[in-house]
Number of protein chains: 2
Amino acid sequence: MTGNEGVTAAAGFRAAGIVAGLKKSGKADLALVVNDGPRFEAAGVFTRNKVKAAPVLWSQQVLTTGVLRAVVLNAGGANACTGPEGFQTAHATAEKAAEVLGCGAVEVAICSTGLIGEQLPRDTVLAGVAKAAGELAGTPEAGTAVAGAIMTTDTVPKQAAETDPAGWTVGGTTKGAGMIAPSMATMLTVITTDAVLHQRDLDAALRTAVHYSFDRLDVDGSMSTNDTVLLLSSGASGVAADPDVFTGALTRACQDLARQMQADAEGVSKRISVRVTGAATEDDAVTVARTIARDALVKTAMFGCDPNWGRVAAAAGYADAEVDPDRLDVTINGVLLCKGAVVAGDRAACDLSGKDVLIEVSLGLTGGAEANTAEIRTTDLSHAYVEENSAYSS
Amino acid sequence: MTGNEGVTAAAGFRAAGIVAGLKKSGKADLALVVNDGPRFEAAGVFTRNKVKAAPVLWSQQVLTTGVLRAVVLNAGGANACTGPEGFQTAHATAEKAAEVLGCGAVEVAICSTGLIGEQLPRDTVLAGVAKAAGELAGTPEAGTAVAGAIMTTDTVPKQAAETDPAGWTVGGTTKGAGMIAPSMATMLTVITTDAVLHQRDLDAALRTAVHYSFDRLDVDGSMSTNDTVLLLSSGASGVAADPDVFTGALTRACQDLARQMQADAEGVSKRISVRVTGAATEDDAVTVARTIARDALVKTAMFGCDPNWGRVAAAAGYADAEVDPDRLDVTINGVLLCKGAVVAGDRAACDLSGKDVLIEVSLGLTGGAEANTAEIRTTDLSHAYVEENSAYSS
């Protein structure tokens, strides 16, 4: 998290994170990311929740052109379930950014996060946009300021970057610590690159990267109304990137950000990876891993340092996927505890005192170790999770 | 819970609940329910979990005849994930009951509950069956002893009965406080009746009753390996029951038992009913209600007495059902907080200090108030739930 790792890592971008006055804490709460070009191709992936926040509705609309010049992000309010007034706030925010940056409102995406169901103070937001525009810089500090301004229950800013030997860079930032169960995107993420790519290649790369990163993170099974991942390209490196190489770098950057989200998830005391192998299909592997990762009894057992593999086997058994109990093996932190759905090892040999837990489930339905495999990252269900989420809106 | 409300409420049944020595606590842990006839039609519904406990595999097999003379139930071990040895234990238990009762082993169902993945001490179980056979009685006390012997994390015994003016009775008992998300049955339930009914009518009545009772209860989204609901009929009243009237009485008894399970669920501090109306289909109503009932953020908000309706709207929005945000209303404890997915009422007016919470979600997709409606009962997500479930197997 040191050096230039965030949205200003790539050439052609300036950014700012400032105090607009939306958070009661008085901390930074509004960010602006600007693409100075020379190119402006962009792509986005949004929540599939049918209840979409106003900024999601706005940003989906402007992204249909495949072009973005700027993104305004705010914490301190999700602007979700706010009706026409909330949509007008998102629109006015884009208009304000367009005015101060000298572009069109349809070239400005909006992202919001915070409590659902309260109107944002529109004048406060618009004044914040003007203030942020006056502080834009292409420095690492400016990138880190963006990462800080979008935090809600996050405790640390989250940034990542990958630089390709060919001469281009992809970098970004994310926020999110709860209400995380994206099935196509997660929370607010902005990624920038100076690589030269066609918009359709950018779009395909983003979908692939999200599929293997944020889509494989599941903190609490709750899909947000505001999930947004944006990818902006400036082309400022002047280097045309090979789409496959770019997709690889983008995927690694997104996985890095997803790992940081897992480590900072609400109430986390264990970082749990559920790795499923030998499924009938990759989709089945994801389904079984996600079902185990979401199971409240598995999550509480891990919190209690209890290698209760029976709960893992039970969760695999109710997953909506092909499962043959006779071939179901469960290994926790390297100790084989269950073979063919029958008790195999010694619970006492399984050490769960550390912060990292690896739950490996072999379904034995396909041969190759790499075939039809998926890994979902999750967290335990702790007293701290209950505490944090029982007092969030008050 | 006073009077004769359990498995001995109906004529023609004797029962016993005894200390076999399976629970470390030394409490009662084995029960025997015997049908003395003159008829022996029976029906059963079992977990759809692909990982099925040995007693489920055994009982499913013997139920194919549609006849049962007895049921042996034990707490202190689920006999799940125990392989051929575990199945032999279930088989030997049925053989032992058959020997002491003078019937066939294929007329004896077995139900077990407790920790997954440990072998039951077979000799202890067999000795317990013999002991229980010596204590059989048709008294209310014997029924209550059965209810007590099958408890695990339950804190109270659970029984219910309905008597029809025509002269027949249906009564039963259940256990279950966690790992409850049946999608067709739940935990261990034994219901008896002295009504005269064809086996196919018994079977149909049981499926309907379960659909509108245990299937509408969801404590933690985790489906057990051992869920079993059995219905035994003795015909001892000599009265032929109208199948529709019987189905109604059976459904009421099952709903009574499900309510008792909700009230005694692990760590419960709130009894939450999620009522969805105006869905496109009844299945959609169930799906939306279940998704809200399972949402960890909704459950923690209720624990915190926080009318955070945005989380309810978000959960409705990610449910796999038809949802139109513009028609989505949310009412909590009588206060309309959200209309058309937009903030409507005052959070402060919503009093969540009591133990009961009613979350009403109107989807507005069908007109009639009764059309396509479903209610799911659940509980909050509390510190006590985390505490209980992080220390269960140790």
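Calculation rules
- Residues numbered from 1 in each chain as written.
- Chains lettered and ligands numbered in written order.
- Predicted model: local features only at pLDDT ≥ 70, side-chain atom pairs only at ≥ 80, totals over all residues.
- Heavy atoms only, no water.
- Axes fitted to C-alpha atoms, helices over the stretch in contact; angles between N-to-C directions.
- Helix = DSSP H or I, 4+ residues; strand = E, 2+ residues; numbered from the N terminus.
- Parallel < 35°, antiparallel > 145°, perpendicular 65-115°, else oblique.
- Left-handed = near helix turned anticlockwise from the far one by under 90°.
- Contact = heavy atoms within 4.5 Å.
- Nonpolar A, V, L, I, M, F, W, Y, C, P; charged D, E, K, R; others polar.
- Buried area = accessible area lost by both parts, 1.4 Å probe.
- Salt bridge = Lys/Arg side-chain N within 4 Å of Asp/Glu carboxyl O.
- Polar contact = N/O pair within 3.5 Å; in protein donor to acceptor, adjacent residues only side chain to side chain.
- Expected span 1.5 Å × (residues − 1).
- Buried < 20%, exposed > 50% of the residue type's maximum accessible area, 1.4 Å probe, protein only.
- Pairing = 2+ DSSP bridges.

Draft legend 1. Structural view of the packing of helix α1 (residues 54-63) of chain A against helix α2 (residues 83-101) of chain A. Residue and element names in this part refer to chain A. Across the interface, α1 lies against α2 with an axial gap of 8 Å and an inter-helix angle of 50°. Taken together, the axes of α1 and α2 are oblique relative to one another. For the pair α1 and α2, the crossing hand works out as right-handed. Note on element contacts: α2 touches α1 through Gly-86, Phe-87, Ala-90, His-91 and Ala-94, opposite Ala-54, Pro-55, Leu-57, Trp-58 and Gln-61. Its residues assigned to classes, the contact of α1 with α2 shows seven nonpolar, three polar and no charged.

Draft legend 2. Spotlight on the interface of chain B and chain A. Every contact between the two is made by 52 residues of chain B and, on the other side, 52 residues of chain A. When the buried surface of chain B facing chain A is broken down by residue, Lys-50, Leu-297 and His-383 of chain B rank first, second and third, together holding 15% of it. Taken together, the links from chain B to chain A amount to two salt bridges. Summed over the shared surface of chain B and chain A, the number is 17 residue pairs in polar contact (both at pLDDT 80 or more). Taken together, the elements giving at least two residues each to the side of chain B that touches chain A come down to α8 (296-303), α9 (309-318), β13 (342-343) and α10 (383-389) of chain B. Within the side of chain B that touches chain A, the residues separate by chemical class into 26 nonpolar, 18 polar and eight charged.

Draft legend 3. Looking closely at the pattern of salt bridges. Throughout the structure, instances matching the rule amount to 30 salt bridges over all chains. Between Asp-324 of chain B and Arg-327 of chain B there is a salt bridge, with its nearest N and O atoms 3.4 Å apart. Linked through salt bridges whose partners overlap, the residues forming this network are Asp-154, Lys-158 and Asp-264 of chain A.

Draft legend 4. Inspection of helix α2 (residues 83-101) of chain B at higher detail. Residue and element names in this part refer to chain B. Look at α2: 27 Å from first C-alpha to last across 19 residues, which is about the 27 Å you get at 1.5 Å a residue. The complete set of buried residues in α2 reads Gly-86, Thr-89, Ala-90, Thr-93, Ala-94, Ala-97 and Ala-98. Looking at the buried residues of α2, the elements they touch are α1 (54-63), β4 (70-74), β5 (108-112) and α3 (122-133). Once α2 finishes, Gly-102 follows within two positions and takes phi at roughly 75°, a positive value.

Draft legend 5. A look at the sheet that holds strand β2 (residues 30-35) of chain B. Residue and element names in this part refer to chain B. Strand order across the open sheet formed by four strands is β1-β2-β4-β5, with mixed pairing between neighbours. With partners counted over all chains shown, the strands left at the sheet margins are β1 (13-18) and β5, one partner each. The sheet shows a mean angle of 10° between the axes of neighbouring strands, taken without regard to direction. In terms of strand pairing, β1 meets β2 through six bridges, oriented antiparallel. The residue bridging Ile-18 from the neighbouring strand is Leu-30, located in β2. Seen against the sheet, α2 touches β2, β4 and β5 and runs at an angle of roughly 130° to β5.

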